[in-house]
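# Tertiary structure, described
This is what each chain is made of:
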Amino acid sequence: MPEEELHGIRIHLDRVLAERGMTLTELSARVDITVVNLSVLKNGRAKAIRFSTLSRICEVLQCQPGDLITHDSV
């Protein structure tokens, strides 16, 4: 099993963006984070996220961190 699957963290940014009718590019502009960094997060390749970044994403998407991130038992 690849290392990135061992932690059990799942990112649901794509689903939340679709529910809000927002593109990754629009979120990038509104949160002031590069599209590349958001793409890394969205695709589950991020190793970490700052609380300040998570907070800005949640403010823009009007959601809670648990809407974006879940944990599956490994």
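Preceding this paragraph is the structure being described.
Now for a look at the structure at hand. (Residues numbered from 1 in each chain as written. Predicted model: local features only at pLDDT ≥ 70, side-chain atom pairs only at ≥ 80, totals over all residues. Heavy atoms only, no water.)

### Some remarks on the side chain of Ser 28
The cut-off we apply is this: The helix count covers DSSP runs of H or I at least four residues long, the strand count covers runs of E at least two residues long, and both are numbered beginning at the N terminus. Exposure is judged per residue with a 1.4 Å probe applied to protein chains only, and the accessible area is read against the type maximum: over 50% gives exposed, under 20% gives buried, and values in between give partly exposed. Contact between two residues is taken to exist if any of their heavy atoms lie within 4.5 Å; hydrogens are not considered.
Mapped onto the fold, Ser 28 is located in helix α3 (residues 24–31). Note on Ser 28: relative accessible area 10%, which makes it buried. Those residues in contact with Ser 28 that sit more than four places away from it in its chain are Ile 33, Thr 34, Val 35 and Leu 38.

### Comments concerning the pattern of salt bridges
The condition that has to hold: A pairing counts as a salt bridge when a side-chain nitrogen of Lys or Arg comes within 4 Å of a carboxyl oxygen of Asp or Glu.
If you walk through the whole model with that rule in mind, you get four salt bridges. Arg 10 is the partner of Asp 72 in a salt bridge, and the nearest nitrogen-oxygen pair spans 3.3 Å. Of this pair, Asp 72 sits in the segment after β2 (69–71) while Arg 10 is found in strand β1 (residues 9–11), placing the two residues 62 residues apart along the sequence. The salt bridge involving Glu 19 is made with Arg 20; its shortest N-O contact spans 3.4 Å. Classification of Arg 20 as partly exposed rests on a relative accessible area of 35%. What you see here is one network of salt bridges that share partners, running through Arg 15, Glu 19 and Arg 20.

### Quick notes on the packing of α3 against helix α4 (residues 35–42)
Just so we agree on the cut-off: The angle between two axes is taken between their N-to-C directions and runs from 0 to 180 degrees, where each axis is a line fitted to C-alpha atoms and a helix contributes only its stretch in contact. A clockwise turn of the near helix away from the far one marks a right-handed crossing, whereas an anticlockwise turn of less than a right angle marks a left-handed crossing. Following the grouping adopted for this structure description, the nonpolar residues are Ala, Val, Leu, Ile, Met, Phe, Trp, Tyr, Cys and Pro, the charged ones are Asp, Glu, Lys and Arg, and the polar ones are all others, Gly among them.
Where α3 contacts α4, the two axes come as close as 9 Å, and the packing angle between them is 120 degrees. Crossing handedness for the pair α3 and α4: right-handed. In this structure, α3 contributes Leu 24, Thr 25, Leu 27 and Ser 28 to the contact, and α4 contributes Val 35, Leu 38, Ser 39 and Lys 42. Here the residues of the contact of α3 with α4 are counted per class, giving four nonpolar, three polar and one charged.

### Section: unusual backbone geometry
Although it is not a glycine, Asp 32 adopts a positive phi angle of roughly 65 degrees. On the accessibility criterion, Asp 32 (68% relative accessible area) is exposed. Positive phi is not limited to glycine here, since Gln 62 has a value of about 50 degrees. The topology assignment puts Gln 62 in the loop between α5 (51–61) and α6 (65–68).

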